[in-house]
Amino acid sequence: MGGQSSTPVVRSEPEKKPGKATLEIAITGVSGAGKSSLVNALQGLSDFDEAAALTDVIEGTTEPVGYPHPTIPDVIIWDLPGIGTPNFKAEQYLERVNYSQYDFFIIVASNRFTVYDIQLSHAIKRLKKQFYFVWSKMDVSISNEKLNPAFNEEATLQQVRKYCVDNLVEAGISSPKIFLTSSWFPEKYDFPLLQRTLENETEALRKHMLRLAEKSTSISNRSRILGFFLNKALNINIVKMKDVLRNRNPEVVAKEIHQELNELQNVRLDIAVTGVSGAGKSSLVNALRGMTDYEEGAAEVGITQTTMECCAYPHPLFPNVTIWDLPGIGTPEFRPEDYLKKVSFNQYDFFMIVGSERFTENDVLLAHEIQKMKKKFYFVRSKMDDSIAAESRDPNFNLDKSIQKIHKACCHELTEAGESDPRVFLISSRYLSKFDFSDLQETLENDLDDLKRHALILSMPLFSRKTLQKKMDAMESLIWKLAFLSCAIGVVPVPGLSLACDLKILVNALLHFNKVFGLDEESLHRVAKMFGKDYGVLKSVIKKSPMSSEITIQLVIDLLTRSFVWATLTTVELVLDFIPVLGSLYGGVSSFVTTFFLLRSCLKNIVEDAENVRRKATEP
């Protein structure tokens, strides 16, 4: 993926116009079903491309947004808001999105087709229009089913397809057309068939429409698309900058930004990993640092007690983040009554209390002592991969039921030991993308202040698309601040170009981005070891971003030379009109535009390459 696409159009006044030859395809369904990812896949884009439809874990699409199809002329793919959300209640949905305006529909579901999907399909039938059903996220379904010893991919696909057909037919949908897809693996399952079918159907519909309407070209619509693009490009993050600068001295703001960046760079985060001996604490310490158990610098693991004192393990890339491997409580060397004093509990920001087989009274004792200190703690049930592997030997194995059983048992143990309202996270240090690690990370972020939250996000291993998005958001929040600083400090003319900017800011920012997304050489070697992949294979999927060793001032000059369009008069005037105060700063608006757009473009490429590496590393 990662192809080119036209710019999206927000539908402000949905209305079918006479003589219109454009074919409009609506992607609809419940929120969270993967509609926006399907829109992106149909365009040949990843979710992180600049022109991609917005995807998020919360309701991201708040109004119909159209995307011109990259290969089928005069076809617009519309990403509709999800039905049944607080903002788009079922009884008002059809009217609010003006269902009758669309020519063709794709109804998307990820786990099962709901009453809302049935409601939509019946409404489409009343309009005498065509529709398909798409079961998205088949890669997730297949990955879960692979835990079953009797797994067979073809049988699983047939089972899901039959399940869909049976449920839809029972709901009154005769002969439903169903496609099983994965937006992240468009070469797999039914996605190629969906593309071909879509092309055939659109061609037939187009011929029908052309017989009924005269073909016309709307220059004003093209202008509206261009205007949307410019507004989108200028308003991302810059609108925050405009709010910050409102009625304030820009030099004072520059000092505040400089101080904030220093604080972000120097903030300390100390995480304590504790619990009974043998619970897997050291493996969790290594996983949090993105390391294997047996590489140089890793916390020592073993079947006997290996942690005999409090050991600090700085993160290999962000050394201000330290994971502390504390000795196991309840051993002869570390009895409960003097454990807290021995490990100097008051120096840590929060605590993970780890258990593998069961939680004990000692774990609850720790929790109560931490509560007295008014600090946060989290119960972590480790080695879930081992537990699930054992459970899967049962002929009646069901993954969800096994997870629920283990979670219920953990809560019961803690309640019996005196913890009134325990919250337990089930994790596997080997497979952070599975089970509850993502929920644990989000809980930690919510409980930390802004500075420490930023440090946590940067240091977390890149184990999921959700983590990738959080890292990208964190870096985007830095870009406008760095661009502003490039205006406010002395700038250097770029050789061969009629513009000026602080080249060191650009170089340091790109090096920082590479570290955050694991595209530096050290991180790439570590990922290769962790997943048993060849370093060269992982490096080969990095198509658009330079390696850290290649990031120099000369490289930045070359990038600026190739992308001088960013500093054209039109762009500069648009930014100056949006934030007039920039013109009064030393480096001027040209420096801001150069820094802002170069970093945004490079970040987009780095995010795309980081996702390529993550996918390649986790391939079976």
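Structural data are supplied above this passage.
(A) Seen up close, the pairing of strand S4 (residues 75–79). Taken across its 5 residues, S4 has 5 buried, putting it largely inside the fold. Two strands pair when backbone bridges link them, and strand S2 (residues 23–29) and S4 are joined in this way by 5 bridges, in the parallel orientation. In the sheet register, Ile-27 faces S4, and the bridge partner there is Asp-79. Bridging between strand S3 (residues 65–68) and S4 involves 4 bridges; their strand directions are antiparallel. Each residue of the ladder has a partner; that of Val-65, found in S4, is Asp-79.

(B) Expanded view of the sheet that holds strand S11 (residues 350–355). One open sheet accounts for 6 strands, arranged S9-S10-S8-S11-S12-S13; its pairing is mixed. On the outer flanks of this sheet lie strand S9 (311–314) and strand S13 (424–426), each paired with one strand and no other. With direction set aside, neighbouring strand axes in the sheet form an average angle of 30°. Sheet analysis places strand S8 (residues 269–275) next to strand S10 (residues 321–325), joined by 5 bridges and oriented parallel. Looking at the pairing, Val-273 lines up with Asp-325 of S10.

(C) Representation of the nonpolar core in the model. In this structure, Met-475, Leu-510, Phe-513, Phe-517, Val-556, Leu-599 and Leu-603 are the most contacted members of the largest nonpolar core, which totals 59 residues. At the level of elements, helix H9 (250–266), helix H16 (450–459), helix H17 (465–488), helix H18 (503–516), helix H19 (521–531), helix H20 (535–540), helix H21 (553–562) and helix H23 (588–617) are the ones that each hand at least two residues to this core. Broken down by element, this core gets its largest block of residues, 13 residues, from H23. For Val-556, the residues in contact, after removing those within four places along its chain, are Leu-503, Leu-506, Val-507, Leu-510 and Leu-598. Residues Ile-329, Leu-399, Phe-437 and Ala-455 belong to the second largest nonpolar core, which totals 57 residues.

(D) Just the pairing of S11, in detail. Burial within S11 is extensive, with 6 of its 6 residues counted as buried. With burial as the criterion, each face of S11 is covered, one bearing Phe-350, Met-352 and Val-354 and the other bearing Phe-351, Ile-353 and Gly-355. Sheet topology places S11 next to strand S12 (residues 376–381); 6 bridges connect them, and they run parallel. Following the sheet pairing, Ile-353 is matched in S12 by Phe-379. In this region the chain leaves S11, passes through helix H12 (residues 361–372) and returns to the parallel neighbour S12; the handedness of that crossover is right-handed.

About the cut-offs
Residues numbered from 1 in each chain as written. Predicted model: local features only at pLDDT ≥ 70, side-chain atom pairs only at ≥ 80, totals over all residues. Heavy atoms only, no water. Buried < 20%, exposed > 50% of the residue type's maximum accessible area, 1.4 Å probe, protein only. Helix = DSSP H or I, 4+ residues; strand = E, 2+ residues; numbered from the N terminus. Pairing = 2+ DSSP bridges. Axes fitted to C-alpha atoms, helices over the stretch in contact; angles between N-to-C directions. Core = buried A, V, L, I, M, F, W, Y, C linked by side-chain atoms within 4.5 Å. Contact = heavy atoms within 4.5 Å. Right-handed = clockwise from strand over helix to strand, strands pointing away.

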